[in-house]
Each structure stands twice: as structure tokens, then as C-alpha cells.
Amino acid sequence: IHQNWLAPIVYDFEFRNTSVFFEASRRIGDRWKIELDIRTFNSQSDDPDSFVRRDDHVQLRLARYF
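Below you will find a few notes about this structure. (Residues numbered from 1 in each chain as written. Predicted model: local features only at pLDDT ≥ 70, side-chain atom pairs only at ≥ 80, totals over all residues. Heavy atoms only, no water.)

## Description of the pattern of salt bridges
Line of reasoning, step 1. Counted by the stated rule, this structure contains four salt bridges.
Line of reasoning, step 2. In this structure, Glu35 engages Lys33 in a salt bridge whose closest nitrogen and oxygen atoms are separated by 3.4 Å.
Line of reasoning, step 3. Accessibility expressed as a relative area gives 19% for Glu35, which makes it buried.
Line of reasoning, step 4. Salt-bridge contacts for Asp37 lead to Arg39; the nearest nitrogen and oxygen are separated by 3.6 Å.
Line of reasoning, step 5. The partly exposed category is assigned to Arg39, whose relative accessible area is 27%.
Line of reasoning, step 6. Via salt bridges that share partners, Glu23, Asp37 and Arg39 belong to a single interconnected network. (Salt bridge = Lys/Arg side-chain N within 4 Å of Asp/Glu carboxyl O. Buried < 20%, exposed > 50% of the residue type's maximum accessible area, 1.4 Å probe, protein only.)

Given below as C-alpha cells:
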């Protein structure tokens, strides 16, 4: 079984913003792979990048290899 995961948390001390990312993947047998990708943002209104505060993202992917 082959699996990977990554879960960094990024904190901006200047604007007090937090970003959380989670990526995971796992092979299921020889032909299948499942992947999960989650990204969340907590931005303050005085942050120049505050436009991303509503751009949270969740994606679940199932792939078949042949």
C-alpha cells in the first residue's frame, strides 16, 4: 500500500491570517488511486490578499490506471 500526506499550516504574523492545506493520496491495488485535497483560508479584512478568504477548496479524486 502506497500512501502520502502533507498538512502544513501557514500563519502570517503581520496580518494575523491562517492558511491550512491538507493533501493525501493512497494507491488501492495496482489500478486505482484516491486523492484528497483541502485548502482553507482565514484572512482579515486589512490584508491585501483578503480576496482569497472565500476561496476554500475541497477536492476528492479517484483515478484508474491501465
